[in-house]
Amino acid sequence: MRILFLTILFATLLCVHPCWAASAWANLSFVQNPPAIEQLVDSGNAFWNNAVQVFGMCEFNHGLAPARNAETRIFATREALYLQVCAEQAAGVVPLSQEMKRDGKVYFDDCIEVALALPDAPSGEYFQFSLNAANTVYDAYRTDPNWNGSWESRTFVEDGRWGAVFRIPFAVLGLTEAPEVLHCNVARTRLAPVAEQSVLVRSSPALFFGDLANALELRLGEGKPSGRFEMKETEEG
C-alpha cells in the first residue's frame, strides 16, 4: 500500500485516483456578489475561478477510476454553498430522466447527489440533495424524504456531458450563519450505456454517504481556495 498526497491551490484541478481517501479537505474563502444561478450553469463563467475544483471520482463498488468521470467545483458566500458537478457522458447518449415528481426516485435515473453534514453530527445524520438531468429534486434529512429544504438547482445537458448546479443556503441546514466546517460528499449514477456509480470520496464500502466524517471536509472562510486529498491506494480499492 502506498500513500499519495495531492494538493490543489486556487482553481487548480485535483485528479482523484483509484483509492480510499484517508483524509480530504478544502478551504473555501467567502466570495461576494455571485451571479444568479442561471448564469452559473455555464462552467466557463469567470466566477467559478473563485472555486475549489476537483476532477475525478472513484467507482463505488471497487474504488477504481470510473469509465466516465466528473468534475466538481465548490465555493461559498456567507449565506450559501454553491456546487457545480459536470459529468462526462458517452457521445450521443442522453441521461435518463424518467422521474418528474419531487422526492420521487431520481436515484433510479442518471443523477447527481450532494450530501452535507455538520461536524458534530453522528453517522447517518446528513442532508441529501439529489437531481436528475430534468432538474427533478429529491431531498432528505436522515434519509427521510418528507424533509423538504428551500434550495435552488439548475441542470444542463450537452453532447458528451451533463451537469447540475446547487445553491444550498446554510439556513437550510438549520444554521443562522456560515459554519466553520461542513462535511461533504458527491455521488453520480450513470445508467447508459453501462450502469456505474461513483463518488467523490469513497469513505464507506456500503453506502454513498455512510461516513461523511471521513469524506471531504470543507473549511469555510479559510483564506484562498485550496485543498488536499491524502489517499491510500489498495489492491481492491
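Residues numbered from 1 in each chain as written. Predicted model: local features only at pLDDT ≥ 70, side-chain atom pairs only at ≥ 80, totals over all residues. Heavy atoms only, no water.

### Focus on the overall build of the protein
Counting its secondary structure elements, the protein contains one helix and 16 strands. Every one of the 237 residues in the protein was classed for burial, and the buried ones make up 53%. Across the protein, the fraction of contacts at a sequence separation of at least 24, relative to all contacts at a separation of at least 6, is 67%. Accessible area for the protein stands at about 10,500 Å²; split by element, carbon and sulfur atoms hold 49% of it. (Helix = DSSP H or I, 4+ residues; strand = E, 2+ residues; numbered from the N terminus. Buried < 20%, exposed > 50% of the residue type's maximum accessible area, 1.4 Å probe, protein only. Contact = heavy atoms within 4.5 Å. Areas by Shrake-Rupley, 256 points an atom, 1.4 Å probe, with all protein chains shown as cover.)

### Some remarks on unusual backbone geometry
Generally, phi is negative for residues other than glycine and the peptide bonds are trans, each holding for most cases. A cis amide bond links Ala 192 to the next residue, Pro 193, at an omega of 0°. Looking at where Pro 193 falls in the secondary structure, it is placed in the loop between strand 13 (181-190) and strand 14 (196-199).

### Comments concerning the side chain of Gln 84
Summarising the element assignment, Gln 84 is placed in strand 7 (residues 80-88). Beyond its immediate chain neighbours, meaning those up to four positions away, Gln 84 contacts Leu 40, Val 41, Asp 42, Ser 43, Trp 48, Glu 71, Thr 72, Arg 73, Ala 164 and Val 165.

### A short note on the pattern of salt bridges
As enumerated under the stated definition, the model contains eight salt bridges in all. In this structure, the salt-bridge partner of Glu 38 is Arg 154, at a minimum N-O distance of 2.5 Å. Residue Glu 38 is located in helix 1 (residues 37-40), and its partner Arg 154 is located in strand 11 (residues 152-158); the two are separated by 116 residues in the primary sequence. Look at Glu 38 and you get partly exposed, because its relative accessible area is 47%. Here Arg 142 makes a salt bridge to Glu 125, at a shortest N to O gap of 2.6 Å. Within this pair, whereas Arg 142 is found in the loop between strand 10 (137-141) and strand 11, its partner Glu 125 is found in the loop between strand 8 (111-117) and strand 9 (127-132), the two being separated by 17 residues in sequence. (Salt bridge = Lys/Arg side-chain N within 4 Å of Asp/Glu carboxyl O.)

### Thoughts on the packing of aromatic side chains
The final tally for this structure, using the stated rule, is 13 aromatic pairs. Geometrically, the ring pair formed by Tyr 107 and Tyr 138 is edge-to-face, given 5.4 Å between the ring centres and 90° between the ring planes. Of this pair, Tyr 107 sits in the loop between strand 7 and strand 8 while Tyr 138 is found in strand 10, placing the two residues 31 residues apart along the sequence. With relative accessibility at 31%, the residue Tyr 107 sits in the partly exposed group. Grouping aromatic residues by their ring pairs yields a cluster made of Phe 127, Phe 129, Tyr 141, Trp 147, Trp 151 and Phe 166. (Phe/Tyr/Trp six-rings, centres within 6.5 Å; stacked < 30°, edge-to-face > 60°.)

### Digging into the nonpolar core
By size, the foremost hydrophobic cluster in this structure holds 48 residues, and its most contacted members are Leu 81, Leu 83, Phe 129, Phe 166 and Leu 218. Residues contacting Leu 83, with those up to four places away along its chain left out, are Trp 48, Arg 73, Ile 74, Val 114, Ala 164, Val 165, Phe 166, Ile 168, Cys 184 and Val 186. Membership of the second largest hydrophobic core comes to 13 residues, among which are Val 31, Ile 37, Leu 40 and Ala 51. (Core = buried A, V, L, I, M, F, W, Y, C linked by side-chain atoms within 4.5 Å.)

### Some points on the layout of surface pockets
Where empty space is left can be seen by rolling a probe of water-molecule size over the atoms. Within this model, the largest pocket holds a volume of roughly 280 Å³. What lines the largest pocket is simply Phe 60, Tyr 107, Glu 113, Tyr 126, Gln 128, Tyr 138, Thr 143, Thr 189, Gln 197, Leu 207, Phe 208 and Phe 209. In terms of residue class, the lining of the largest pocket is made up of seven nonpolar, four polar and one charged. (1 Å grid on protein atoms, 1.4 Å probe; cavity = no way out; pocket = protein on both sides within 12 Å on 5 of 7 lines; lining within 4 Å. Points joined across faces, edges and corners; volume = space filled by probe spheres on them. Nonpolar A, V, L, I, M, F, W, Y, C, P; charged D, E, K, R; others polar.)

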